[in-house]
Amino acid sequence: MPTYHVEYTHLGDKQQITLEVNGDTLDSEQKFRDALARRLAERILPHAELTFRHEDNRTLEQKLDKAYDLHLNKIDRE
């Protein structure tokens, strides 16, 4: 599974993490970013499952931004 180096901001604090996401099988950039956002949230926000299940028209990345002030800044494939 491909590995990605992700820089993100959570509550104004810049951080870095390495995540494994099978982005090669996803058919759009937004699905790839949402897969990375989900993996990141699983690692740093164990209670974020409630946000994943909330049904509305926002992307997962937008939901995490609103609920947890979590932003993906930079994504590099390793």
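Residues numbered from 1 in each chain as written. Predicted model: local features only at pLDDT ≥ 70, side-chain atom pairs only at ≥ 80, totals over all residues. Heavy atoms only, no water.

Undergrad: What is the right way to look at the environment of Ala35 in this model?
TA: Positionally, Ala35 belongs in helix α1 (residues 29-44). What makes Ala35 partly exposed here is its relative accessible area of 23%. In the structure, Ala35 is positioned 15 residues away from Glu20 in sequence and 9.9 Å away in space, judged by C-alpha atoms. Excluding residues that lie within four positions of it along the chain, Ala35 makes contacts with Val21 and Leu26. (Helix = DSSP H or I, 4+ residues; strand = E, 2+ residues; numbered from the N terminus. Buried < 20%, exposed > 50% of the residue type's maximum accessible area, 1.4 Å probe, protein only. Contact = heavy atoms within 4.5 Å.)

Undergrad: Teacher, can you tell me more about the environment of Glu61 here?
TA: Structurally, the position occupied by Glu61 is in helix α3 (residues 60-68). With 23 residues separating them along the chain, Glu61 and Arg38 place their C-alpha atoms 8.0 Å apart. Residues in contact with Glu61, not counting those within four places in the same chain, are Gln30, Arg33, Asp34, Ala37, Leu70 and Leu72.

Undergrad: I'm lost on the packing of α1 against α3 in this one. Help?
TA: Any two packed helices are characterised by how steeply their axes cross, that is the angle between the axes, and by the distance between the axes. Relative orientation of the contacting elements α1 and α3 amounts to 40 degrees, with a least axis distance of 8 Å. One finds that α1 runs oblique with respect to α3. Two secondary-structure elements touch here, α1 through Gln30, Arg33, Asp34, Ala37, Arg38 and Ala41 and α3 through Leu60, Glu61 and Leu64. Within the contact of α1 with α3, the residues separate by chemical class into 4 nonpolar, 1 polar and 4 charged. (Axes fitted to C-alpha atoms, helices over the stretch in contact; angles between N-to-C directions. Parallel < 35°, antiparallel > 145°, perpendicular 65-115°, else oblique. Nonpolar A, V, L, I, M, F, W, Y, C, P; charged D, E, K, R; others polar.)

Undergrad: Got a minute to help me understand the pairing of strand β1 (residues 3-10) in this structure?
TA: The side chains of a regular strand alternate, residue by residue, between the two faces of the sheet. Looking at chain direction, β1 and strand β2 (residues 13-20) are connected through 8 bridges and run antiparallel. Bridge pairing in β2 links Val6 to Ile17. Between the antiparallel neighbours β1 and β2 lie 2 residues, among them Leu11 with a positive phi of about 55 degrees. Across 7 bridges, the pairing between β1 and strand β3 (residues 70-77) is antiparallel. Bridge pairing in β3 links Glu7 to Lys74. (Pairing = 2+ DSSP bridges.)

Undergrad: Please explain the pattern of salt bridges as it appears in this structure.
TA: Taken as a whole and judged by the stated rule, the model has 7 salt bridges. Across the pair Arg58 and Asp56 runs a salt bridge, and its minimum N-O distance is 2.6 Å. As a salt-bridge pair, Lys74 and Asp76 come within 3.8 Å of each other at their nearest N and O atoms. By relative accessible area, which is 41% here, Lys74 ends up partly exposed. The partly exposed category is assigned to Asp76, whose relative accessible area is 32%. (Salt bridge = Lys/Arg side-chain N within 4 Å of Asp/Glu carboxyl O.)

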